[in-house]
Amino acid sequence: MVITRFAPSPTGKLHVGNIRTALVCWMAARAEGGRFLLRLDDTDRARSTEENVVAIRRDLAWLGLVPDGEVRQSDRFALYEAAFETLHAAGRVYPCYESEEDLSIRRKVALGRGLPPIYDRAALQLSAEERHTLEAAGVRPHWRFKLDAKPIEWTDLIRGDQRFEGAALSDPVVRRADGSWLYLLPSVIDDIDMKISHVVRGEDHVSNTAVQIQMFEALGAALPHFAHMALLVGADGKLSKREGSIGVEAIRADGIEPQALIGLLARIGTSEPVVPVATADELLPGFAFSHMGRAPARFDAEELAQLNAKTLHLLPYEAVRERLPAGMDEVSWMAIRPNLTTIADAADALAMIEGPIAAPDLSAEDRAFCADASTAADSLDWAEAPWTTLTNGLKASTGRKGKALFLPLRLALTGQDHGPEMAALLPLIGRERTVARLRLAAGLA
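Keep in mind the model is a prediction, meaning the values are calculated, not measured.

(A) A look at the pattern of salt bridges. Considering all chains together, one arrives at 28 salt bridges under this definition. In this structure, Arg-76 and Asp-190 form a salt bridge, with 2.6 Å as the shortest nitrogen-oxygen distance. In this pair, Arg-76 is assigned in the loop between β3 (69-72) and α3 (77-89) and Asp-190 in helix α6 (residues 184-193), connecting sequence segments 114 residues apart. The pair Arg-76 / Asp-190 is uniform in exposure class, with both members buried.

Next comes the structure, spelled out in structure tokens:
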């Protein structure tokens, strides 16, 4: 079974980058009838907040990416301790006593000699007595995972064959001197315990994967599949500060529909076209990691806005009813839907239907035309196709056609020179308002 996990840190809100990761994890699992899990990486107790936890859950729910289960790393410290002791007994983690200043100096020296700035394992040369002396002096050790020098290889589901030389990598710190955990080891322990089959994340984690593969092996666990996605870039080739930090709350405030956001994030950076969808499930058929490219994925806020309008045009009344202004029914929604860019525009559309509408600035000829139109509208049979009947009659009686026929009527009836199809709109405006607006435009009111 495909089991994926989305593992945000509740030290902040979700942004477009990790929303995309969550979405791909969700699609990978759902496409195969698997499970999508939420793991809250809240080991940073000082910066993690319950407010952010609530926001993450709320944002995922809004997007329709509801997890099948949830765990919190802060509840799992006993599990980490047990695995740590296993690694310690096997000689795969070891204590180190250097300060950050010491390590910084060593890195600079190595770089100055043209050497890679990897840890020199000086701590492994300390005797038990030397370690005891340091600890007696109050020096608390941090802990590193000891890497094997052998090559590390795997076939990434997006990037293809990957190879790192273990000897060229620095033994990573997995635990701080205060006993708190860094990301690398707890993540592996969780993935084993949660039976994660596919680890999906950004390509900035590729080198982490090389290290973590040896951790999986040291703990006697089978490797999951790895898929590293290309990072997002902005429309100009780099991700601007606004685009890089924009979160679900800001997106929602801008009137973007969740279906539009996931529709864009699901397809950018892939060989599949970006198309509007009414539900996230429409994205599942044909999902494959092989469709995802290695080139940076281009996130364009303008493209999102355009897709949002197209998405709104697909949504049925039931999907939006609770967010529409009071008094707007399904007939009205279907009439105005093709011209909306955000759901907030529905309020303006309802005002256009119910009025009042200010008198437009028309020429004397157009005012006279509106006077004729008011008389014709008052005598119409409104039971069927009143707009077609009205305009056909006026065309025959006045000789007007095209823009000269339609524009003065639209201005008089809606106050705008563009908008929803008048054939759908006029029955909603109704006989009484239609006649009154035409008379107002004609200067007869």
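(B) Spotlight on helix α4 (residues 100-112). Compared with the 18 Å implied by 1.5 Å per residue over 13 residues, the 18 Å span of α4 between its first and last C-alpha is a close match. Backbone geometry just downstream of α4 places Gly-114 in the positive-phi region, at approximately 75°.

(C) Spatial organisation of the layout of surface pockets. Estimates place the volume of the largest pocket at around 810 Å³. Every residue lining the largest pocket is counted, 33 residues in all, and those nearest its centre are Ala-7, Pro-8, Asn-18, Asp-204 and His-205. Looking at the lining of the largest pocket, the elements with two or more residues in it are β1 (3-6), α1 (16-31) and β9 (198-202). Taken together, the residues of the lining of the largest pocket break down into 14 nonpolar, eleven polar and eight charged. Roughly 360 Å³ of internal volume is contained in the second largest pocket.

(D) Spotlight on the packing of aromatic side chains. Enumeration according to the criterion identifies nine aromatic pairs in this entry. On the numbers, 5.7 Å between centres and 75° between planes, the contact of Phe-84 with Trp-181 is edge-to-face. Within this pair, whereas Phe-84 is found in helix α3, its partner Trp-181 is found in the loop between β8 (173-175) and α6, the two being separated by 97 residues in sequence. You'll find Phe-84 and Trp-181 in the same group, each marked buried. Look at Trp-387 and Phe-406: their rings are 6.1 Å apart centre to centre, the planes differ by 35°, and that puts the pair in the tilted class. Residue Trp-387 is located in helix α16 (residues 386-398), and its partner Phe-406 is located in helix α17 (residues 402-414); the two are separated by 19 residues in the primary sequence. Trp-387 gets classed as buried once you look at its relative accessible area, which sits at 10%. Through a chain of ring-to-ring contacts, the aromatic side chains of Phe-77, Tyr-80, Phe-84, Trp-143 and Trp-181 assemble into a single cluster. Taking NZ or CZ as reference, Arg-144 lies 3.9 Å from the ring centre of Tyr-119, over its face. Stacked on the ring of Phe-369, the Lys or Arg Arg-400 has its end atom at 4.4 Å from the ring centre.

(E) Region of interest: the sheet that holds β8. Strand order in the open sheet formed by three strands is β4-β5-β8, with antiparallel pairing between adjacent strands. Across the chains shown, the open sheet's two edge strands, defined by having one partner strand only, are β4 (93-96) and β8. The mean angle between the axes of side-by-side strands here comes to 45°, regardless of whether they run parallel or antiparallel. Pairing of β4 with strand β5 (residues 142-145) involves four bridges; the strand directions are antiparallel.

(F) How the structure looks around helix α10 (residues 258-267). With ten of ten residues buried, α10 is to be regarded as a mostly interior element. By the burial criterion, the buried members of α10 are Pro-258, Gln-259, Ala-260, Leu-261, Ile-262, Gly-263, Leu-264, Leu-265, Ala-266 and Arg-267. Those residues of α10 hidden inside the fold are in contact with α1, α2 (50-63), β11 (232-233), α9 (248-253) and α11 (301-312). In the segment just after α10, Gly-269 is the residue with positive phi, at about 80°.

(G) Inspection of the environment of Val-331 at higher detail. You can see Val-331 is positioned in helix α13 (residues 330-336). In the structure, Val-331 is positioned 100 residues away from Leu-231 in sequence and 43 Å away in space, judged by C-alpha atoms.

About the thresholds
- Residues numbered from 1 in each chain as written.
- Predicted model: local features only at pLDDT ≥ 70, side-chain atom pairs only at ≥ 80, totals over all residues.
- Heavy atoms only, no water.
- Salt bridge = Lys/Arg side-chain N within 4 Å of Asp/Glu carboxyl O.
- Helix = DSSP H or I, 4+ residues; strand = E, 2+ residues; numbered from the N terminus.
- Buried < 20%, exposed > 50% of the residue type's maximum accessible area, 1.4 Å probe, protein only.
- Expected span 1.5 Å × (residues − 1).
- 1 Å grid on protein atoms, 1.4 Å probe; cavity = no way out; pocket = protein on both sides within 12 Å on 5 of 7 lines; lining within 4 Å.
- Points joined across faces, edges and corners; volume = space filled by probe spheres on them.
- Nonpolar A, V, L, I, M, F, W, Y, C, P; charged D, E, K, R; others polar.
- Phe/Tyr/Trp six-rings, centres within 6.5 Å; stacked < 30°, edge-to-face > 60°.
- Lys NZ or Arg CZ within 6 Å of the ring centre and 35° of its normal.
- Pairing = 2+ DSSP bridges.
- Axes fitted to C-alpha atoms, helices over the stretch in contact; angles between N-to-C directions.
- Contact = heavy atoms within 4.5 Å.

Interpretation note: all reported values are geometric properties and have no functional meaning in isolation.
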